[in-house]
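# Summary of structural features
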Amino acid sequence: MSRITLKIAGMSCEHCVQRVTRALSALPGVKEVKVDLTTGTATLEKPEELPREEIVRAVEEAGYRVEE
């Protein structure tokens, strides 16, 4: 497992936080998702074999953008 933090653009309310949290939590093997509206970040524990691209795609499908 590794911990990563992503900067997420487009979140403006608690509903946004819940939506991103659900999208990331649904990925296989992901644990401990914490989305912070104030900092615009999401931190999660992910399995080594889960590619970053799949995480970014989940955020994008939820309607937000990961800033590189």
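In this report, the structure presented in the accompanying data block is examined. Since the structure is predicted, the reported quantities are computational estimates derived from the model, not experimental observations.

Grouped together as the largest cluster of nonpolar side chains are 22 residues, with contacts concentrated most on I8, L24, L44, I55 and Y64. Secondary-structure elements contributing two or more residues to this core are β1 (2-9), α1 (14-25), β2 (31-36), β3 (41-46) and α2 (52-61).

Mapped onto the elements of the fold, E45 is located in strand β3. Owing to a relative accessible area of 16%, E45 belongs among the buried residues under this scheme. Within the structure, the side chain of E45 is placed 2.9 Å from the side chain of R3, a separation counted as a polar contact. Ignoring anything within four residues of it in the chain, the contact list for E45 reads M1, S2, R3, G29, V30, K31 and E32.

Looking now at the environment of C13. Within the secondary structure layout, C13 lies in the loop between β1 and α1. C-alpha separation for the pair C13 and I55, spaced 42 residues apart in sequence, amounts to 21 Å.

The next thing to look at is the pairing of β2. Two elements, β2 and β3, share four bridges in a ladder whose sense is antiparallel. Among the inter-strand pairings, V35 is bridged to a residue of β3, identified as A42. From the end of β2 to the start of β3, which pair antiparallel, there are four residues, and G40 there has a positive phi angle of about 70°.

Looking now at the pairing of β1. As paired elements, β1 and β3 share six bridges and run antiparallel to each other. Directly across from R3, in β3, lies its bridge partner E45. As judged from the three bridges shared by β1 and strand β4 (residues 65-67), these two strands associate in the antiparallel manner. Bridge assignment links A9 to a residue of β4, and that residue is R65.

Glancing now at the pattern of salt bridges. Per the stated rule, a full pass over the model turns up four salt bridges. One salt bridge connects R3 with E45, and the closest N-O pair in it is separated by 2.9 Å. With R3 in strand β1 and E45 in strand β3, this residue pair connects regions lying 42 residues apart in the sequence. Here E67 makes a salt bridge to R65, at a shortest N to O gap of 4.0 Å. With relative accessibility at 48%, the residue R65 sits in the partly exposed group. Several salt bridges converge on common partners, so that one network encompasses R3, E32 and E45.

Rules used throughout
- Residues numbered from 1 in each chain as written.
- Predicted model: local features only at pLDDT ≥ 70, side-chain atom pairs only at ≥ 80, totals over all residues.
- Heavy atoms only, no water.
- Core = buried A, V, L, I, M, F, W, Y, C linked by side-chain atoms within 4.5 Å.
- Buried < 20%, exposed > 50% of the residue type's maximum accessible area, 1.4 Å probe, protein only.
- Helix = DSSP H or I, 4+ residues; strand = E, 2+ residues; numbered from the N terminus.
- Polar contact = N/O pair within 3.5 Å; in protein donor to acceptor, adjacent residues only side chain to side chain.
- Contact = heavy atoms within 4.5 Å.
- Pairing = 2+ DSSP bridges.
- Salt bridge = Lys/Arg side-chain N within 4 Å of Asp/Glu carboxyl O.

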